[in-house]
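Below, each chain spelled out in residue letters.
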Amino acid sequence: MRLQYLRSTIGRRIFNNNIIIMTRTLMSPLSSLTAALIATTAHSFGLQSPSSFGNNVSPMTTTSTNTFSSPSLSSSRHSKLFAQEMSTYDIDTDEDAEQSLADAPATNGVNGGGQSSPSSNVNGSTNDSANRYTSVLNSMDLDIPSLKELPSQRPISPNDVFCNRELRVDNIRAIGFDMDYTLAQYQQPNFDKLAFDGAKQKLVDSLGYPKEVLDFEYDHTYWVRGLIIDTQRGNFLKIDRHKYVRVAYHGFQPISSNMRKQIYSRTFNKQPSFTEKGFVNMDTLFQHVDAHLFASLVEMKDYGEHEFLDERTYEEIYRQVRECVDLCHRDGVIKDEVARNPEKYLVLDDGLLPMLREFRDNGVKVFLLTNSYWEYTSTAMNYLYHEKKVDEETQKKNEWTELFDLVIVGSCKPAYLKDPYLNLFRVVPEDGSLKNTDGLFEIEALGEDGASKFLEMGKTFQGGNWNHLQAMLEIEAGEEIMYVGDHLYADVLRSKRALGWRSCFIMPELPEEMRIFNNQIGLRKSIMQLRILRDELGAYADSLRQKMKTASFSESRGMEKKIEQIEIDDGKIKEKLSEAHREYHSSFHPRWGQMFVAGYQDSRFGYFVKNYACLYTSKATNLGRASTARAYRTSGELLPHDNMLSQAFSEFVDEEE
């Protein structure tokens, strides 16, 4: 238990027995370490270092910090800890280490005595696996023989599964998958063009739009997920996690910063939530079609001579675009073409079948939950299962269903996850016809093992709601179900927020985002260093302003000159930062920048991924690259005060001493 307790404190910087604490105050001139940071970063941007504001540098003092002690846990408490039923959240057996801090008697050090451990450089980096962890292992008195098996650098791949919320896969009893853009990946832009071209034709033929609409060309690279469509104004927005609009376009035309602020920041009595009627979130790749067609029509309405469009609001135009695109998914425009040429639109993945079979072999129930209806689901899944186009007789066999314990089509998510009154129907696999079922009442009426008996009569269904699903799976606790999908709202946010399901978000765009981020790490570090420098210069200038209140006239004049120089230096840094920030974000996307970031903070999209996706990865089959014994751990999070203290050139000043 002592070891478990120690592990829980490993993330705290003050676990070291020797921490160098540089004691200066904000009233002091900039330290020599900060000067080094300034010089290095300024040089990389071609800037002269800001002036040195005095030659006095506060001395560095070394303080031995011995604050943690080993907890004393009774044997009964130890037995209770391991007797409890495990949860998908129980990653480590040091779950109650924080509580144990209150129970533990104070001692002089982390090892229970006054001896200091060897000093360690928390911010250092080394090339081989042993040296990477030598300092922390020495300070925690740990001997880890398996360390030598690790590579010199940890490999990070776009096919890895990334964790926002700790999860034990071996305690997941059922795992569900969406189909579109999850199990079935699509070839772009071929697949989207089916909906785009079909919707154009419907707008012209059925709704009377100008024939010039048929000349529109689709460009899926213009868009990224996470944008918001303002259907009332014809605008496209990228906002940060605080709901501040960072980038805005009207149709394909950029909106100036001043105009953007006038529309979305300064004309409201309250901050818009962007969930009001008229705002549409682009949470799925399917919506790129809607966005491009709507933006094209906005341009035509604004700059063309078309009385038909002049008589319609932007909101009405968007609604009709949405109706036409949705109809393409239901009337055969897409399904029939995919059935004829599946190899042109669907991406085969040789990891799909082994992954699904491994989950079932390990006792995990596997279900398919998709909004697509039976005919299209059967077409797509048959191709993925047989890895080729099959004849009609083979398709009717639907052999792919052997991969699942339960198949639900036409689910109408997100309503499926929140409306308990939706009816469940059986699907006859041979012809797709529907039969009524009494659902929960029928399962209950079948008595013991009612769910198993119910599924023996057929495991393919349409509609229903989460109550039917959990009853058929014989699972009550939402945390024992993990759902894997590509729709941030309908698949991830709603299942997590309403039902407590564990979630895995699928992001086909992730590999490209990671490649660009890796290529731009140097530029990003320089940008962040310059931001830290601006902040420190600002804090120092403010300390001078405070000192001027009690300083003599001559001292005040000297301080004013220093402040003037700081303002000049700040202007230089700000100009360079603007150039560097523009270069950095445009490397991800020329219009919208980095998908997970807006300005210097999480984008709204990144915020929701971080808060509602327990796991995220580039494709569903990446889950099959790990065993079902895998425990996913978070990388840890810091609030600004801890983040600032953890920086290499920071020092803690305890003003109460």
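Overview of the confidence of the model for the protein chain
Logical step 1: In this model, the protein chain carries an average pLDDT of 83, and 80% of its residues clear a pLDDT of 70 or more.
Logical step 2: This stretch, residues 1-29, has a pLDDT under 50; its non-local contacts, to residues over four places away or in other chains, come to 100 contacts.
Logical step 3: Throughout residues 51-84 the model reports pLDDT below 50, and contacts reaching past four residues in sequence, or to other chains, amount to 71 contacts.

Topic: the nonpolar core
Across soluble globular proteins, nonpolar side chains show a tendency to be buried alongside one another.
Logical step 1: Ranked by internal contacts, the top residues of the largest apolar core, which has 102 residues, are Phe177, Phe404 and Leu623.
Logical step 2: The element that contributes the greatest number of residues to this core is helix 8 (residues 287-303), accounting for eight residues.
Logical step 3: Residues Ala174, Phe367, Tyr416 and Trp501 belong to the second largest nonpolar core, which totals 21 residues.

A short note on the packing of aromatic side chains
Logical step 1: Scanning all chains against the criterion turns up 30 aromatic pairs.
Logical step 2: Seen in terms of ring centroids, tyrosine 264 and phenylalanine 274 are 6.2 Å apart; in terms of plane orientation they differ by 45 degrees. Their pairing is tilted. Taken together, the residues span a long stretch of sequence, with tyrosine 264 in helix 7 (residues 257-264) and phenylalanine 274 in the loop between helix 7 and strand 11 (279-281) at a distance of 10 residues. Per residue, the accessibility class of tyrosine 264 equals that of phenylalanine 274, and both read buried.
Logical step 3: Taken together, a centroid distance of 5.0 Å and an interplanar angle of 70 degrees make the contact between phenylalanine 274 and phenylalanine 279 edge-to-face. The same class applies to phenylalanine 274 and to phenylalanine 279, which are both buried.
Logical step 4: Taken together, the aromatic side chains of Tyr222, Trp223, Phe236, Tyr249, Phe252, Phe294, Tyr318 and Trp592 make up a single cluster linked through ring pairs.
Logical step 5: The ring of tyrosine 314 has lysine 301 sitting right over it, with the charged end atom 5.5 Å from the ring centre.

A few points about the pairing of strand 18 (residues 481-485)
Logical step 1: Within strand 18, five of the five residues are buried, leaving the element largely enclosed by the surrounding structure.
Logical step 2: Residue alternation in strand 18 divides its side chains into two sets, Ile481, Tyr483 and Gly485 and Met482 and Val484, and both sets are buried.
Logical step 3: Alignment of strand 5 (residues 174-177) against strand 18, held across four bridges, turns out to be parallel. By the bridge assignment for strand 18, isoleucine 175 is matched with methionine 482.
Logical step 4: Here four bridges tie strand 18 to strand 19 (residues 502-506), and the two strands are oriented parallel to one another. Paired with glycine 485 across the strands is phenylalanine 505, a residue of strand 19.
Logical step 5: Tracing the backbone out of strand 18, into helix 19 (residues 488-499) and back to the parallel element strand 19 gives a crossover that is right-handed.

Thoughts on the layout of surface pockets
Logical step 1: For the second largest pocket, the calculated volume is near 1,300 Å³.
Logical step 2: Surrounding the second largest pocket, 44 residues form its lining, Thr284, Arg322, Asn371, Lys413 and His487 being those nearest its centre.
Logical step 3: Among the elements of the structure, strand 11, helix 8, helix 10 (314-330), helix 14 (374-386), helix 19 and helix 23 (604-612) are those that each provide at least two residues to the lining of the second largest pocket.
Logical step 4: Broken down by class, the residue content of the lining of the second largest pocket amounts to 18 nonpolar, 12 polar and 14 charged.

Quick notes on the sheet that holds strand 8 (residues 235-239)
Logical step 1: Ordered in space as 10-9-8-7-11, the five strands form an open sheet in which the pairing is antiparallel. What marks the edges here is a single partner per strand, and that holds for strand 10 (253-254) and strand 11.
Logical step 2: As paired strands, strand 7 (residues 228-230) and strand 8 are joined by three bridges and run antiparallel to one another. Across the sheet, residue isoleucine 229 finds its bridge partner in strand 8, namely phenylalanine 236.
Logical step 3: Its contacts with the sheet put helix 7 on strand 7, strand 8, strand 9 (245-250) and strand 11, and the angle it makes with strand 9 is roughly 100 degrees.

Examining the packing of helix 6 (residues 190-205) against helix 8
Logical step 1: At their nearest, the axes of helix 6 and helix 8 sit 9 Å apart, and the two run at 40 degrees to each other. As the angle between them shows, helix 6 and helix 8 are arranged oblique. Here helix 6 and helix 8 pass one another in a crossing that is right-handed. Contact residues: Asp192, Ala195, Phe196, Ala199, Lys200 and Leu203 in helix 6; His288, Val289, His292, Leu293 and Leu297 in helix 8.
Logical step 2: Considering only residue class, the contact of helix 6 with helix 8 consists of seven nonpolar, two polar and two charged.

Considering the sheet that holds strand 19
Logical step 1: Spatially, 10 strands are ordered 3-22-19-18-5-13-14-17-15-16 in an open sheet, and the strand pairing comes out mixed. Each edge of the open sheet is held by one strand with a lone partner, namely strand 3 (162-163) and strand 16 (434-436).
Logical step 2: Sitting on the sheet, helix 13 (residues 352-361) touches strand 5 and strand 13 (365-369), and the angle it makes with strand 5 is about 155 degrees.
Logical step 3: The strands touched by helix 14 are strand 13, strand 14 (406-409), strand 15 (424-427) and strand 17 (460-463); relative to strand 14, the strand with the most contacts, the crossing angle is about 130 degrees.

Here is what the cut-offs are and how they apply
- Residues numbered from 1 in each chain as written.
- Predicted model: local features only at pLDDT ≥ 70, side-chain atom pairs only at ≥ 80, totals over all residues.
- Heavy atoms only, no water.
- pLDDT = per-residue confidence, 0-100.
- Contact = heavy atoms within 4.5 Å.
- Core = buried A, V, L, I, M, F, W, Y, C linked by side-chain atoms within 4.5 Å.
- Buried < 20%, exposed > 50% of the residue type's maximum accessible area, 1.4 Å probe, protein only.
- Helix = DSSP H or I, 4+ residues; strand = E, 2+ residues; numbered from the N terminus.
- Phe/Tyr/Trp six-rings, centres within 6.5 Å; stacked < 30°, edge-to-face > 60°.
- Lys NZ or Arg CZ within 6 Å of the ring centre and 35° of its normal.
- Pairing = 2+ DSSP bridges.
- Right-handed = clockwise from strand over helix to strand, strands pointing away.
- 1 Å grid on protein atoms, 1.4 Å probe; cavity = no way out; pocket = protein on both sides within 12 Å on 5 of 7 lines; lining within 4 Å.
- Points joined across faces, edges and corners; volume = space filled by probe spheres on them.
- Nonpolar A, V, L, I, M, F, W, Y, C, P; charged D, E, K, R; others polar.
- Axes fitted to C-alpha atoms, helices over the stretch in contact; angles between N-to-C directions.
- Parallel < 35°, antiparallel > 145°, perpendicular 65-115°, else oblique.
- Left-handed = near helix turned anticlockwise from the far one by under 90°.

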